[in-house]
Structures are given as structure tokens and as C-alpha cells.
Amino acid sequence: MMLPHPTVEQLSLHTVLSALGDPTRLAIVGDLARREGTALSCSHFSGLGSKSNLSYHIAKMREAGIIRVEPCGTARLVTLRRADLDSRFPGLLDSIISTAVSMPPPEKRLAPVD
């Protein structure tokens, strides 16, 4: 079963930016960017939240056109739609990634300061 993904023409700047307004989603983008070209299973991101929470974030990013999610047996493989986003919004993803890859995971950002 193939999951629905928006076409390049359907990508909306508002939707993409709205989806990336969440620290967990930025952490996922940063991780995917660090491993560009490698499909990661959803379980790779388990340190960022519960399964249901991650499913929600991954679905929001898929619906916005930021990632591609492909079923593979019992797993779902996630890749960044870099070429599609670059063709639709040149330079946008580079700017987002440069910030996202340097950010600590959300749980570390929220830790109390001593």
C-alpha cells in the first residue's frame, strides 16, 4: 500500500513552514539531512517521543511534502524530499537544515538549566 504524498506542484510554503514549526519535526529533518540519501525507519526516531507521537509528526511532515514515507514489510522508511523542496522553494531547505542539524534533540533543549 502506497501512502499519499503531495506532488511538487502541490507543495505549499505555508504548509511546509507550519509543519517545520515544531522542534520534534525539526530534529527529524536534521537527522535525515545528516544521513542524506539513506532511508531511515520510523523506529530510528524513537528517542524523540512515543510511537503515537512520532506517527503524528511523521504524518504531518509527509502530508506537507517534507518527507517521503514508504512501507517496507512491517517498517516504514523515511527520506527527506530534498530535490522536490529545492525545486519548489530554492534555498529554503538549506537554510532550515543549517539550523536543524546544529540543534540538540528536543528533550535536551527542554532540560532544566543548572
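Draft legend 1. Highlighting helix α3 (residues 51-64). An ideal rise of 1.5 Å per residue puts 20 Å on 14 residues; α3 measures up with 20 Å between its terminal C-alpha atoms. Among all positions in α3, only Leu54, His57, Ile58, Met61, Arg62 and Ala64 are buried. Considered in projection along α3, the buried side chains sweep an arc of 165° and stay on one side of the axis. For α3, the secondary structure elements touched by its buried residues are α1 (13-19), α2 (23-34) and β2 (67-72). Once α3 finishes, Gly65 follows within two positions and takes phi at roughly 90°, a positive value.

Draft legend 2. Molecular detail of helix α5 (residues 92-100). Taken together, the buried positions of α5 are Leu93, Ile96, Ile97 and Ala100. For α5, the arc enclosing every buried residue in end-on projection is 100°, short of the 170-degree limit, so these residues lie on one face. Packed against the buried residues of α5 are α1, α2, β3 (75-80) and α4 (82-88).

Draft legend 3. Quick peek at the packing of α2 against α3. Where α2 contacts α3, the axes come no closer than 10 Å and their chain directions differ by 70°. What the angle tells us is that α2 and α3 run roughly perpendicular. Here Thr24, Arg25, Ile28 and Val29 of α2 lie close against α3, whose contacting residues are Leu54, Tyr56, His57, Ile58, Lys60 and Met61. In the contact of α2 with α3, the residues fall into six nonpolar, two polar and two charged.

What counts as what
- Residues numbered from 1 in each chain as written.
- Predicted model: local features only at pLDDT ≥ 70, side-chain atom pairs only at ≥ 80, totals over all residues.
- Heavy atoms only, no water.
- Helix = DSSP H or I, 4+ residues; strand = E, 2+ residues; numbered from the N terminus.
- Expected span 1.5 Å × (residues − 1).
- Buried < 20%, exposed > 50% of the residue type's maximum accessible area, 1.4 Å probe, protein only.
- Arc of directions from axis to C-beta.
- Contact = heavy atoms within 4.5 Å.
- Axes fitted to C-alpha atoms, helices over the stretch in contact; angles between N-to-C directions.
- Parallel < 35°, antiparallel > 145°, perpendicular 65-115°, else oblique.
- Nonpolar A, V, L, I, M, F, W, Y, C, P; charged D, E, K, R; others polar.

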